[in-house]
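Chains, contacts and geometry: an overview
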Protein chains: 2
Amino acid sequence: MKHPIATLIAVASLPLAASADPLPSWNDTAPKKALTGFVGKVTKESSPDFVPPAERIAVFDNDGTLWAEQPMYFQLFFALDRVKALAPQHPEWKEKEPFASLLKGDVKAALAGGESALAQIVMATHAGLTTEEFERIVTDWIATAKHPKTGKRYTQMVYQPMLELLEYLRANGFKTFIVSGGGIEFMRPWAENVYGIPPEQVVGSSGGLKYELRDGKPVLIKLPELAHNDDKEGKPVGIQRHIGRRPIFAAGNSDGDFQMLEWTTAGKGPRFGLIVHHDDAAREWAYDRDSHIGRLDRALTEAAGRGWVVVSMKEDWTRIHPDEWRP
Amino acid sequence: MKHPIATLIAVASLPLAASADPLPSWNDTAPKKALTGFVGKVTKESSPDFVPPAERIAVFDNDGTLWAEQPMYFQLFFALDRVKALAPQHPEWKEKEPFASLLKGDVKAALAGGESALAQIVMATHAGLTTEEFERIVTDWIATAKHPKTGKRYTQMVYQPMLELLEYLRANGFKTFIVSGGGIEFMRPWAENVYGIPPEQVVGSSGGLKYELRDGKPVLIKLPELAHNDDKEGKPVGIQRHIGRRPIFAAGNSDGDFQMLEWTTAGKGPRFGLIVHHDDAAREWAYDRDSHIGRLDRALTEAAGRGWVVVSMKEDWTRIHPDEWRP
């Protein structure tokens, strides 16, 4: 598999000296100093804080941490596009909520049904397919769909400073994982190209799977049931199940990441908890305690007391996206 | 983490030329030729069968494939030892099956209750602990417990030719995973030392986990419920959930591995399916179609037609264990 972004970073850094800044999109403010200080001490064999490479596990939330999440999670845009594509096969949707509102373009009314409406949309658009069919659909969508507000492809709405951080950690012997509330099968098809994170290092919410033979060929069918909800308390559970050891580094941006940060930083030895704070209305979006999407309240209140580093997108990042633009 | 066995192999091979045999415990029979031929063609960039390193995923069953499994799965010996250790806290077990029989030393009577008896034993001995407590118990047990028939430690009952195969594949850019019906939390504490396979590359059966705070510190509690049964159809499901791409190499030894072999070898491009056939009563055990443990029937019948390579422990392996001995 190609890693265009990793390649770009590698190529871009070729003419630079060995001491080249590994985090060029980070201002020289406290978070960057904390990051380089942490990486320095855990990788120095003579340091009392040295951590063997096998234990250098770093976990990253996705929505709002590695890419944007406004005005709603991008996977939901995917689901809405799927509803439109599938509508001809479901004439009954014209009369049935939440589909009827969606097809009229009224997302707000559709989502008024809360979790149950959301679950119906996800099941109708994510289940009943084989894993290979679903992968193809996601791959096509991510290559072509555009964000309704910015007109950018969704993979252009990733955060350049976080791409640099992923690469910096890997260059220092860390194994980087995604641990997201998003669907595991939704992220895997593009995470390797975009983040340099292979499918086996993606942890996410997942549905049931059924193994069966179709025309003598084995397939895995995605079932309309939630097997694991990788959010809040579900994140440490997903980490244990997939990774089997406690990370030493965790990055998130919302209260959904609270337990992941708590679990990571409660371990013995050096630990790093990072919170991306969306406070840049000019270059991105500004939201925290009152946001419906990516609500950051308790984690923001408790960050200082717990030693978690809060990154201000406005103050600490010189740029937001790989190809700079404003929403 | 140390990998004593990997280190031994590395040290042992130091004085040898670069062309040294990477599989010294394999006779020069058909299976070895098939293995080196396969690895040769998938790693040669100019070959039409070349596979990029990221896609070189190899999966191995554990019981009967990487270590022995007679007269019963080693995890069951662990559970029985736990029942004895826990008995003083459970006076009611003296009257209650399957525990009463177990405590009298009558394993056969205890297991006469079938799956239900087995589930009761596993739940009573594997649940209710934190993941860290359980890990400590397994680590202590594996370091000290001895097999009742051979008097060897269980980790001495691994198969030397398979250790060489794991190392050979890794040296050729493969990522090696365990995909076992055994408990994921039972295998992880020692798989890295013994097989060179880190916790995040162990897939197995798993119970529910609950995240909670105890005295203000977060813990993960093992629940008395089965979350995933990683056997038969459960193996491709576990592979998809954990790894997210189809392996190109699978090794097993029983009908419980049938679907894993089927799923692996049904993919496009070069594929390798390997079956370890226990046919060496002199050096190990001989069993297949009629065995209660590790029954190999359908997979043995269909192996030739499906192109799976059947390895005769008697004919194809020069030695069985790292430290040769006979049961």
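Whatever comes next refers back to the structure up there.
A few points on the structure.

So, how was this worked out
- Residues numbered from 1 in each chain as written.
- Chains lettered and ligands numbered in written order.
- Predicted model: local features only at pLDDT ≥ 70, side-chain atom pairs only at ≥ 80, totals over all residues.
- Heavy atoms only, no water.
- Least-squares fit on C-alpha atoms with pLDDT ≥ 70 in both.
- Phe/Tyr/Trp six-rings, centres within 6.5 Å; stacked < 30°, edge-to-face > 60°.
- Buried < 20%, exposed > 50% of the residue type's maximum accessible area, 1.4 Å probe, protein only.
- Lys NZ or Arg CZ within 6 Å of the ring centre and 35° of its normal.
- Pairing = 2+ DSSP bridges.
- Helix = DSSP H or I, 4+ residues; strand = E, 2+ residues; numbered from the N terminus.
- Axes fitted to C-alpha atoms, helices over the stretch in contact; angles between N-to-C directions.
- Contact = heavy atoms within 4.5 Å.
- Parallel < 35°, antiparallel > 145°, perpendicular 65-115°, else oblique.
- Left-handed = near helix turned anticlockwise from the far one by under 90°.
- Nonpolar A, V, L, I, M, F, W, Y, C, P; charged D, E, K, R; others polar.
- Salt bridge = Lys/Arg side-chain N within 4 Å of Asp/Glu carboxyl O.
- Buried area = accessible area lost by both parts, 1.4 Å probe.
- Polar contact = N/O pair within 3.5 Å; in protein donor to acceptor, adjacent residues only side chain to side chain.

Take the relation of the copies chain B and chain A next. Rotating chain B by 180 degrees about the axis while translating it 0.0 Å along that axis superimposes it on chain A, leaving an RMSD of 0.0 Å. Such a combination of turn and shift is consistent with a two-fold rotation axis. Residue His242 of chain B of chain B places its C-alpha closer to the rotation axis than any other residue of that unit, at 3.2 Å.

Bringing the packing of aromatic side chains into the picture now. By the definition in use, this model includes 42 aromatic pairs over all chains. For the pair Trp93 of chain B and Phe99 of chain B, a centre-to-centre distance of 4.3 Å together with 5 degrees between the ring planes defines the contact as stacked. For the pair Trp93 of chain B and Phe99 of chain B, one class covers both residues: buried. Three or more aromatic residues joined by ring pairs form one cluster here, namely Trp67, Phe74, Phe77, Phe78, Phe134, Trp141, Tyr154, Phe186, Trp190 and Tyr195 of chain A. Lying across the ring of Phe258 of chain A, Arg298 of chain A places its NZ or CZ 3.7 Å from the centre.

Glancing now at the sheet that holds strand E1 (residues 57–60) of chain A. Residues and elements named next belong to chain A. Here seven strands make up an open sheet; going across it, the order is E4-E3-E2-E1-E5-E6-E7 and the pairing mixed. At either end of the open sheet lies a strand with only one pairing partner, and these are strand E4 (217–228) and strand E7 (309–312). Averaged over all pairs of adjacent strands, the angle between their axes in this sheet comes to 30 degrees, without regard to strand direction. Across three bridges, the pairing between E1 and strand E5 (residues 249–252) is parallel. Bridge pairing in E5 links Ala58 to Phe249. Seen against the sheet, helix H11 (residues 258–265) touches E1, strand E2 (175–183), E5 and strand E6 (272–277) and runs at an angle of roughly 155 degrees to E6.

What is expected of a backbone is that most residues other than glycine have negative phi and most peptide bonds are trans. Residues and elements named next belong to chain B. Gln70 connects to Pro71 through a cis peptide bond whose omega is -5 degrees. Mapped onto the elements, Pro71 comes out in the loop between strand E1 (57–60) and helix H3 (74–86). A cis geometry characterises the amide bond from Glu97 onward to Pro98, with omega recorded as 5 degrees. Relative to the helices and strands, Pro98 is located in the loop between H3 and helix H4 (99–103). The backbone of Asp215 sits at a positive phi, close to 50 degrees, despite the residue not being glycine. Mapped onto the elements, Asp215 comes out in the loop between strand E3 (202–214) and strand E4 (217–228). Assessed through its relative accessible area of 83%, Asp215 is described here as exposed. For Lys232, which is not glycine, the phi dihedral falls at a positive 50 degrees. Locating Lys232 in the fold gives a position in the loop between E4 and helix H10 (234–242).

We now examine the packing of helix H2 (residues 30–43) of chain B against helix H8 (residues 160–171) of chain B. Residues and elements named next belong to chain B. Contact geometry for H2 and H8: axes closest at 11 Å, N-to-C directions at 15 degrees. The pairing of H2 with H8 is recorded here as roughly parallel in orientation. Two packed elements cross with a definite hand, and for H2 against H8 that hand is right-handed. In this structure, H2 uses Leu35, Thr36 and Val39 to contact H8, whose residues at the interface are Leu165, Tyr168 and Leu169. Of the residues assigned to the contact of H2 with H8, the class counts are five nonpolar, one polar and no charged.

This brings us to the pattern of salt bridges. Within the structure shown, the criterion is met by 40 salt bridges over all chains. Two residues, Lys232 of chain A and Asp231 of chain A, come together in a salt bridge whose shortest N-O distance is 3.5 Å. Residue classification places Lys232 of chain A among the partly exposed residues on the basis of a relative accessible area of 42%. With a shortest N-O distance of 2.9 Å, Glu302 of chain B and Arg298 of chain B are connected by a salt bridge. Taken together, the positions of Glu302 of chain B and Arg298 of chain B, both in helix H12 (residues 298–306) and four residues apart, correspond to about one turn of that helix. Overall, the relative accessible area of 25% leaves Glu302 of chain B in the partly exposed class. On the basis of relative accessibility, which here comes to 38%, the residue Arg298 of chain B falls in the partly exposed class. Through salt bridges with shared partners, a single ionic network connects Lys175 and Arg245 of chain A together with Glu192 and Glu200 of chain B.

Our next topic: the interface of chain B and chain A. Contacts between the two partners involve 40 residues from chain B and, on the opposite side, 40 residues from chain A. Overall, the association of chain B and chain A removes approximately 3400 Å² of surface from exposure, summing both partners, and the carbon and sulfur fraction of that is 53%. It is Glu200, Tyr211 and Arg241 of chain B that lose the most area in chain B upon contact with chain A, and together they represent 22% of the buried surface on that side. The tally of links between chain B and chain A comes to eight salt bridges. Note that Arg246 of chain B and Glu132 of chain A form a salt bridge whose closest N and O atoms lie 2.9 Å from each other. Our count for the contact surface shared by chain B and chain A stands at 26 residue pairs in polar contact (both at pLDDT 80 or more). Going through the elements one at a time, helix H7 (131–144), strand E2 (175–183), helix H9 (184–195), E3, E4, H10 and helix H11 (258–265) of chain B are the ones with two or more residues in the side of chain B that touches chain A. Considering only residue class, the side of chain B that touches chain A consists of 20 nonpolar, eight polar and 12 charged.

By themselves these figures say nothing about function.
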